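A closer look at the structure
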Amino acid sequence: MFMLAMRSIGQRPGRFLATLLAAFLGAGIIMTFNSLYDTAGRPGVDPVSSDTLTTSASVVGGYGTLLVFFAVASTLTVNVRQRAGELELLRCSGATPGQIRRMVVGEAVAVALIGAVLAIGPAMLGGQALLDAFQDSGQVAGSVDHSFGPVALLSGVDITLVAAAGAAFLAVRRATRTRRRRGRARTFLAYAALGIGAVSAISTFAFSATDEALMATPAYGAILLSVGFALLAPRLLKGVLDRLPLTGSSGWLAVRNLRRRADHLSGILMSLILFTAVSVATLYMQGVESDAMRASGAVRTVDAKNLQTLNLTVVGIIVVFVCVMLVNSLYAATTYRRREFGQQRLAGATPGQVLGTVGVEGLVLTAVGLCFGTVAALAGIIPFTVVRSDSVLPHQGLGIWLAVASIAAAATIGTSLATARRVLRTPAVEAVGSAA
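Residues numbered from 1 in each chain as written. Predicted model: local features only at pLDDT ≥ 70, side-chain atom pairs only at ≥ 80, totals over all residues. Heavy atoms only, no water.

**A closer look at the environment of Leu 307**
One can find Leu 307 in helix 13 (residues 302–335). Leu 307 sits 92 residues away from Met 215 along the chain, and the two C-alpha atoms are 9.7 Å apart. Contacts of Leu 307, omitting those with residues within four sequence positions, involve Met 215 and Gln 286. (Helix = DSSP H or I, 4+ residues; strand = E, 2+ residues; numbered from the N terminus. Contact = heavy atoms within 4.5 Å.)

**Side note on the pattern of salt bridges**
Working definition: two side chains of opposite charge can pair if their charged atoms are close together. What the rule picks out here adds up to 4 salt bridges. Among the salt bridges present, the one from Arg 388 reaches Glu 289, with a minimum N-O distance of 2.8 Å. Of this pair, Arg 388 sits in helix 15 (residues 351–389) while Glu 289 sits in helix 12 (residues 266–296), placing them 99 residues apart in sequence. Since its relative accessible area comes to 18%, Arg 388 is described here as buried. One network of salt bridges, with partners in common, ties together Arg 337, Glu 340 and Glu 361. (Salt bridge = Lys/Arg side-chain N within 4 Å of Asp/Glu carboxyl O. Buried < 20%, exposed > 50% of the residue type's maximum accessible area, 1.4 Å probe, protein only.)

**Regarding the side chain of Ser 200**
Structurally, Ser 200 can be placed in helix 8 (residues 179–202). Here the side chain of Ser 200 touches Thr 217 through a polar contact of 2.8 Å, landing on its backbone oxygen. Beyond its immediate chain neighbours, meaning those up to four positions away, Ser 200 contacts Thr 217, Pro 218, Tyr 220 and Gly 221. (Polar contact = N/O pair within 3.5 Å; in protein donor to acceptor, adjacent residues only side chain to side chain.)

Printed below as a string of structure tokens:
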């Protein structure tokens, strides 16, 4: 099966580009920040610098690990769904489910290893740039030299390979399990995340405005609420579609397509909800904290600088990863619809009408993701703002939210339309006759 996996990669490398890109970015981020562990362990590093480097590596490294798994899992899920016919043919040819799983896992591990190796060089440069930023802000002593050692290298490669193997195994297993069993487990986890997230957000009122851990509970609450909404993404999308008053041929067809493909689009909607909630909540709460510090006239401590740096860095990582996941998932999903677009054109639809339908679909997905992501973010922002500044809403205005919404809309709608336009270049008869 390993030889079959390598042969499959060699024959059609294009299908694995999304997984390769996710592994490359994930391994690069993990190695970049975990190199701070190696740097903190160098002889002669003072305690303050060591604490700053270790805290940054542990917090952002943890987020990076989760994002690597999520990114690789989303790309592999789309890959497995698109290869359903090929995998079924292998099964009918005598391959057992275990052999098919080993083949898919072998492909994922091989691609992830290539991505991790390619990320070593950029991670070295990224770690040096990150250390320079800490030194420029006075959080790390200027005498500290960067080190890229075994912690960074082993953690980046090991975590990426484990994430790829686990995500591939779950993707194949999910494709063979019954929908009922998947629904029960997903629903239980969703409501558990919503309940714990709500409790965490409400518990913010138990803190005082000067507590160091004040930002932690509303941030975790917003994240958990967004995870709960993300797990319920297919249901939320269907519920919105049932109440959506779209008219015209493009609108009616877009709603029909979205309702039919709601389960397949859940990964895209999950990315949008998580991106919106984490970005909006973190940026607004950091803005409230900065305003409160300036109003009090207090001198910003090293811990406060570390917190601000970590918040902005985490948001930056999430922006990059979510954009990559959205572009990869939407590109793969839209390319997979080549036959569907060909059938629509043979039935009388013009290329402009097909693009209009795709645009409406992207607009609906973006609106639903922004809506529930914003609700999750507000659940953390409002308690934090009330406790920290005695106001109900932040004074930063809509600028941050509009920036987040613009990035989400550009990634979702832009990728969908650009990919659909490329797919429509194929003649309709050829598209219908080709394999999806």
